[in-house]
Amino acid sequence: MAKLILASNRLPIQILANSSLVRTTGGLASAIEGSGLGDLYTWVGWGGSCTDLGKGNRELKTSLRKLGFEPLDLSEGNIQDYYDGYSNSTLWPLLHYMQDRARFNTEWIESYRAVNSQFANKIAEIASSNAHVWIHDYHLMLLPQLLREMRPDLKIGFFLHTPFPSSEIFRALPERDELLNGLLGCDLIGFQTYNYLRHFISALIRILGVEADMDGLWQKNRHIQLGVYPIGHNSEAFQDAAKSDNYIKMHSEHAKHLGSGKLILSVERLDYTKGLPQKITAIRQFLHEHPEQRGLVNFVLVAVPSRRGVEEYDSLTSQVQCEVGAINGDYGDVGHSPVQFLHRSFQVDELAALYSLADICMVTPIVDGMNLVAKEFIDCKRASHRARPGVLILSEFAGAANEMSHALQVNPHDTVGVVKAINEALQMSEVEMWKRTHSMQNRMRHNDAGAWAKRYLSDLQKGTNFHHKGTIHAKLEPLREELQQHIDQGKKIAIFLDYDGTLREFTQHPEDAIPDNALKKLLADLATKPNIELAIVSGRPKKFLDKHLGGLPLHLVAEHGYYWKTQSMQKWRLLNPHVDTTWKNLILPQLEASVALTPGSEIEIKHSSIVWHYRQADPEFGLWRAKGLLSELTSTTASLAVAVHHGQKMIEVASQLVNKGVAIERMITQWQPDIALAVGDDVTDESMFAIQEPENTSFHTVKIGEGDTRANQRSTIKAVRNLLESLT
C-alpha cells in the first residue's frame, strides 16, 4: 500500500505497442525528477497508449509497479473525449483566457467524469491508511471530491500547473460548479502565482457563493488550505548534463558554427498559447528595421511537436513553417538563413549547450502558467558550463515573470516593444548581462523543483482538518459540568458572547432585535457571580449596546472589536487606535449602488466598517446580488487593508486590523482565566474560535447553527440560554 501517491493524466513514460517503455519529457515529469522524492511515491496515470493492461499483461504491470508506476487503462474513446475533447478543447483554452477557442460537447464531460472516477477507484484501492495524494493539473479537477467521498482518511492535495482565469472567463464553463466543488474535496489547493489564486477565490465567491481568505476556507467542517507554489525547474539535471561528453561535443560544434554570430534562442512546445506567430512577426520586423544585423543573428526556434493529427495544431505548424521560409527568402543570403525552425524535441545535454551559448533567449507566450524554459536558460549561464553572457526576454504574461524581474519583460502582442527589447539585448554590455543573470540565479538557487515539491508536501503534511463535535442539537452537558466545577472551586471564568444570532434571534428589522427583560436578568445574574467575567462581543455599534446593555455589569465590545468598554473604563476606547478607515470613501459608492439596484437592502455605516444588509430583500434576488457584490468588492479591495465578509444576510467590509479574536485575546491576557468560553453564530465570530489556545486556560468554542466553523462544538440559541441559566 502506498503512503504517497502522485496522480496526473500521463505517467512520465510511454508504453509502446510491443510493451516496451520509453521515458517522456514534460514540465511535471522534469520537476518531479528533480524533486528529490526518489522512489518514495507511487505515480498513477495513463501510459500514453491504449495497450490492454488486463490479465494478459500481468508481467508488464508488475514491471511498472516495481518502477513506482500504476498505469490506468484508457480506451481510444476516453482519449478522444476526456483528453482531446474536454481537457484540451474545453478546459485548456478557457484556462488560458482563450474563450473563443473553447469548444463544448456534452459527451465530453461524461467521459471526463468517468476517467476521474477511474483514477479515484485506483487510488482508493492502493492508498494506505492516511496516505497523502498529490493530484496534478486540470485533467483531474473532479478527482479530489470523488476521493474524499471514498476515502475520507486521505490527505488530498491539488496543484494547478496552468493559469486560473478570471471568474468572468471561468463562469462560461457549463460545469463550473461541478469542477469547483470537485476541487473543494482537497486539503490543499496550490497555484503558480498569487493572481491565479486570487482568480480562484473570486470564482468561489462569484459562482458558488463560498467565501475564502487568501490562506484558505472552511467547507463541510474542514479547513482547506490555499497557497502559491511557483514550480521550479530540474536544476540538478542541467548541472549533470553540463558535465557529460555529449554536452562538450554539442557545445563545441554549435560554438564553431556560430563563430562571431549571435544566437537568439526560442524553446517551446508548439501550442497556440506560446505566441509563436507573434514572435515570428516581431522577428520579421526586427530584420526589416536592422539590416546590419541580418548576417549576424541566428534565430533558432525549437518547437517541440504537440498533439499531431489535431487540425488546429497541424495548421499552426504549417503557418509557422511557411512564415519562416518567407522570412529567410526576404532577408537571408547565400550560406546564411537568419531563422531556423527545428520541429523536434532535444535531449537535456544538447538543450543545455544551446542555453549556455545563447546571447538571447526569447520566452514570449501569450499566457503561461509558469514556463520553465526561462529558468533553465538562466540556470545554464554559468562559468562551469563555458557559458556566454546572455539576456532573457520574457513575456509579462508568463507566471515566471513574477519571479524574474531582471529579465527584459515584454508584451508579446506589442511588436514594436519586442523589437526594441531584441535590439536592447544585443546592445547590452556583458557586465549588465551578468549582473541581471546572477540576480535571478540567486533566487532560483533556493526555488528549484526539489524545493517546490518539499514546500508543497510539507504544507500538505502540516494542514489540519477541524471537525465539529456532535450535531446541530448537541447537548452541552459536559461543558456545563466543567464550568460549574470551576465555579464551585472558585476559579476564574471568562465568557464571551456574540449578540445577534447567539443571544437573540434575528428579526426582519435589526433595530427590533432588542434584549427582553429575561435576557437582561440572565446576563446581570451571571455577571455578578464571583470570579466570572462576562463580555458581549458584538458587531453592533456602541450606541445600541449602551442603550440596551449599558446598565448591566458587563464588559462590552462594539463593531467587531473596534471599540471596547470594560467595567473598569468610564468611556469607550479604541482597541487599536492605529486603524485606518479612509478606505470607506472608496467603498461606500459601491454599496450605495447596490442599495439602488436591490429593493429591500440598506447600508449601515459604522466607525470601523460598512455593512450592506439584504435581510428584507427578495431572498433569491438578494443572494444573487450579494454574490455579484462580493465579486466586485474582492476586486476593489485587493490592494486595501480590509476584509470582506459574507455573513447572515449581509456583506460587511471592515479593516483587517479589527476583529473579535483580537478583542478577546486582549481580555484573556488581562484577566488570566482558568477557563474561557466563546459563543457565536456568524463568519465574523470565527476569529474568536481561531485564536491560539491561551496558556493555562481551558478554551471552549461553540457555534450556533449550521455552516462551516473552527468551533469545537455546535448548539442552538435555546441550548446556550439553558447553559447560561444553569450557571446562575
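About the thresholds
- Residues numbered from 1 in each chain as written.
- Predicted model: local features only at pLDDT ≥ 70, side-chain atom pairs only at ≥ 80, totals over all residues.
- Heavy atoms only, no water.
- Helix = DSSP H or I, 4+ residues; strand = E, 2+ residues; numbered from the N terminus.
- Polar contact = N/O pair within 3.5 Å; in protein donor to acceptor, adjacent residues only side chain to side chain.
- Contact = heavy atoms within 4.5 Å.
- Patch = residues over 30% accessible without salt bridge, like charges linked within 9 Å, V, L, I, M, F, W, Y side chains within 5 Å.
- Areas by Shrake-Rupley, 256 points an atom, 1.4 Å probe, with all protein chains shown as cover.
- Salt bridge = Lys/Arg side-chain N within 4 Å of Asp/Glu carboxyl O.
- Buried < 20%, exposed > 50% of the residue type's maximum accessible area, 1.4 Å probe, protein only.
- Arc of directions from axis to C-beta.
- Axes fitted to C-alpha atoms, helices over the stretch in contact; angles between N-to-C directions.
- Parallel < 35°, antiparallel > 145°, perpendicular 65-115°, else oblique.
- Left-handed = near helix turned anticlockwise from the far one by under 90°.
- Nonpolar A, V, L, I, M, F, W, Y, C, P; charged D, E, K, R; others polar.
- Pairing = 2+ DSSP bridges.
- pLDDT = per-residue confidence, 0-100.

1. Section: the side chain of N9
Alright, step 1. Locating N9 in the fold gives a position in strand 1 (residues 2-10).
Alright, step 2. A polar contact of 2.8 Å, which involves the side chain of N9, links it to the side chain of Y82.
Alright, step 3. Residues within four places of N9 in sequence aside, it is in contact with G45, W46, Y82, Y83, F119, H139 and L140.

2. Some details on a nonpolar patch on the surface
Alright, step 1. A contiguous nonpolar patch, built from Y194, M214 and V228 and spanning about 240 Å² of accessible area, is present on the exposed surface.
Alright, step 2. Here M214 is to be found in the loop between helix 8 (194-208) and strand 9 (216-219).

3. Side note on helix 2 (residues 58-66)
Alright, step 1. Among the residues making up helix 2, those that are buried are L60, K61 and L64. Projected down its long axis, helix 2 carries its buried residues within an arc of 100°, all on one side. Exposed side chains of helix 2 directed beyond 90 degrees from the buried face belong to R58, E59 and K66.
Alright, step 2. Considering only its buried residues, helix 2 is in contact with strand 2 (13-15), strand 3 (21-23) and strand 5 (69-72).
Alright, step 3. Where helix 2 ends, the next residue or the one after it, G68, has phi of about 90°, a positive value.

4. Section: the packing of helix 10 (residues 245-258) against helix 13 (residues 348-357)
Alright, step 1. It is the contact of helix 10 with helix 13, at a shortest axis distance of 8 Å, that shows an interaxial angle of 40°. In this view, helix 10 runs oblique relative to helix 13, as classed from their interaxial angle. Here helix 10 and helix 13 pass one another in a crossing that is right-handed. Contacts between helix 10 and helix 13 pair N246, Y247, M250, H251, H254, A255 and L258 from the former with D349, E350, A352, A353, L354, S356 and L357 from the latter.
Alright, step 2. Within the contact of helix 10 with helix 13, the residues separate by chemical class into eight nonpolar, four polar and two charged.

5. Structural notes on the sheet that holds strand 19 (residues 555-558)
Alright, step 1. Ordered in space as 21-20-19-18-17-26-27-28, the eight strands form an open sheet in which the pairing is mixed. In this open sheet, the two edge strands, each paired with only one partner strand, are strand 21 (573-574) and strand 28 (713-715).
Alright, step 2. Running over the sheet, helix 25 (residues 717-727) touches strand 17 (493-497), strand 26 (675-680), strand 27 (698-704) and strand 28 and is turned about 140° from strand 27.

6. Quick notes on the confidence of the model for the chain
Alright, step 1. When pLDDT is averaged along the chain, the result is 89; 95% of the residues meet or exceed 70.
Alright, step 2. Across residues 465-473, where pLDDT falls below 50, the model places 24 contacts with residues more than four positions away in sequence or in other chains.

7. Considerations on unusual backbone geometry
Alright, step 1. Non-glycine residue E559 carries a positive phi angle of around 50°.
Alright, step 2. With respect to the helices and strands, the residue E559 is situated in the loop between strand 19 and strand 20 (563-565).
Alright, step 3. Of note, Q672 is a non-glycine position whose phi angle comes to about 55°, a positive value.
Alright, step 4. With respect to the secondary-structure elements, Q672 resides in the loop between helix 23 (660-671) and strand 26.
Alright, step 5. Residue Q672 is classed as partly exposed on the basis of its relative accessible area of 47%.

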